[in-house]
Every structure is written in structure tokens, then in C-alpha cells.
Amino acid sequence: MNILKRFRVGILFAVVLAGIGIYALVDGIRFASVVPEDFARSRQAGALISQDIVTLTGSITKDLATINELDKERKYEEALQLAQSAIERSREVRAKAMDLWKEMETMYRLLPDIKLDTAREAAMQAISSRLALIIRLINYSTYLNNLLTTLQDKFKVGYTITPVAPIIDQINAEVSAINEFNRSAATAMEKFDSIVAGQK
């Protein structure tokens, strides 16, 4: 069973998700005089959480590749252990997504403190896209967990009655949505930074 034959966008996910909040690491402190300090702080915290998510999803993708090879070699005990480890990390992804949600909530509450209407509107667009992204990220974690538990069942008894391909299709659909929302959020945040940077 080649579980990676259809699992193609996971790596792209790990790369693209790195863009979430990246500007906070560069410009968050510089804009503190114009943007509420707590807004900038939550933005930076969100960027760091996002990087943790990138690391986790990247390691899971690598594990899936290894599990795939172990499955081909019929090394089911090793594959079972690795699948359990990946399940634990998929749950960490969900927990990190909830942490990111809290930071976005803080930024949303502070929107009225941004005095520039155009900057506030751009920030609202970015936050809305990121909240939508987080919902899809939680879905991704759920489907990934389903995939891994299905593989676990296979490694325990040598077969599974649950089709793997539909689960992978669900994962890929969530990844595509995540990437799209991420692009929207990054574009809106770039606009926000440009507006704020133009103020004297």
C-alpha cells in the first residue's frame, strides 16, 4: 500500500505555512509606536507558534515517508511504533492551532485601538483569513489522525477494511484550503505593514 502516492501536498503545506505571521518577527517591534503593543506581541507570538506547527507537520510528513517504506518491507512493528509517535505529534498540531487561535482573538479584540481605518481593515482581513486557516488546520489534524490510526490497524493485523485514499484526499483538500487562506492572510498583512510603515 503506497500511502504517499496521493499524499503530495503535505510538504507544500509545511513550506507555505511558514509565511503565517512572518512579518511579526521582522516588523512587529518597529511598529509598536503606531500599533498597540499587545497587538504586536500577539502577532509575534502567533509567528512563533506557526513555526512550531511547520516543524511538527514537517516531521510528520517525513514519518509518513518512513512508514511507507517500512510497510513495503513488511516491518509492521517498526511502522506501528512510528505511527504512534506521529499520532502524538498530530495532536500537538491541533493544540498549537488552538494556541494560535487565542493569539488571533487577542489581535481581533485590539482592532479598535488601531487608529488608521485602512490599516484596521487590512488587519481584519488578515485575522479573518487566519481564523479560517486555523479551522482547516484543525480539520487537517483530525484527518491526519484518522489516517495514522487506520495505518496502525493495518500494521496490527496485516490489513485494514478502511480505505486510505479517501482520507488522503480529505487531508489534501484541507491543505489546499490552508495554503489559500495563508496567501490571503499574508497579502492582507503586507498591506497592513505598508500602510503603517508609511505613517510618520
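Refer to the structure above for everything that follows.
What you see is a predicted model; the values in this text were computed from it and never measured.

Of all hydrophobic cores here, the largest spans 51 residues; its most connected members are Phe39, Leu144, Leu147 and Phe192. Elements that contribute at least two residues to this core include exactly α3 (37-72), α4 (76-109), α5 (117-157) and α6 (165-197). With 16 residues, the top contributor of residues to this core is α5. When residues no more than four places from it in sequence are discounted, the contact partners of Leu144 are Ile60, Leu64, Ser90 and Ile171.

Further remarks concern the side chain of Glu174. Here Glu174 lies in helix α6. A polar side-chain atom of Glu174 sits 2.6 Å from a polar atom in the side chain of Arg136.

The next subject is the pattern of salt bridges. A complete count under the given rule lists eleven salt bridges for this structure. Note that Glu73 and Lys75 form a salt bridge whose closest N and O atoms lie 3.1 Å from each other. Owing to a relative accessible area of 44%, Glu73 belongs among the partly exposed residues under this scheme. For Lys75, a relative accessible area of 37% puts it in the partly exposed group. The shortest N-O distance in the salt bridge between Glu174 and Arg136 comes to 2.6 Å. Within this pair, whereas Glu174 is found in helix α6, its partner Arg136 is found in helix α5, the two being separated by 38 residues in sequence. Through salt bridges with shared partners, one network takes in Glu37, Asp38 and Arg41.

When two helices pack together, their arrangement is given by the angle between their axes and by how far apart the axes lie. At a minimum axis separation of 9 Å, α3 and α4 run at an interaxial angle of 165°. On the basis of the axis angle, α3 is roughly antiparallel to α4. With respect to the hand of their crossing, α3 and α4 are arranged in left-handed fashion.

By secondary structure assignment, the location of Arg109 is in helix α4. Arg109 sits in the exposed class, given a relative accessible area of 56%. Along the sequence, Arg109 and Phe39 sit 70 residues apart, while their C-alpha atoms lie 8.9 Å from each other.

This part takes up a nonpolar patch on the surface. A surface patch of nonpolar side chains, about 380 Å² in accessible area, is lined by Val157, Tyr159 and Ile161. Looking at where Tyr159 falls in the secondary structure, it is placed in the loop between α5 and α6.

Right, let's get into the environment of Glu92. Tracing the sequence through the fold places Glu92 in helix α4. Residue classification places Glu92 among the partly exposed positions, given a relative accessible area of 41%. Separated by 39 residues in sequence, Glu92 and Ile53 place their C-alpha atoms 8.3 Å apart.

About the thresholds
Residues numbered from 1 in each chain as written. Predicted model: local features only at pLDDT ≥ 70, side-chain atom pairs only at ≥ 80, totals over all residues. Heavy atoms only, no water. Core = buried A, V, L, I, M, F, W, Y, C linked by side-chain atoms within 4.5 Å. Buried < 20%, exposed > 50% of the residue type's maximum accessible area, 1.4 Å probe, protein only. Helix = DSSP H or I, 4+ residues; strand = E, 2+ residues; numbered from the N terminus. Contact = heavy atoms within 4.5 Å. Polar contact = N/O pair within 3.5 Å; in protein donor to acceptor, adjacent residues only side chain to side chain. Salt bridge = Lys/Arg side-chain N within 4 Å of Asp/Glu carboxyl O. Axes fitted to C-alpha atoms, helices over the stretch in contact; angles between N-to-C directions. Parallel < 35°, antiparallel > 145°, perpendicular 65-115°, else oblique. Left-handed = near helix turned anticlockwise from the far one by under 90°. Patch = residues over 30% accessible without salt bridge, like charges linked within 9 Å, V, L, I, M, F, W, Y side chains within 5 Å. Areas by Shrake-Rupley, 256 points an atom, 1.4 Å probe, with all protein chains shown as cover.

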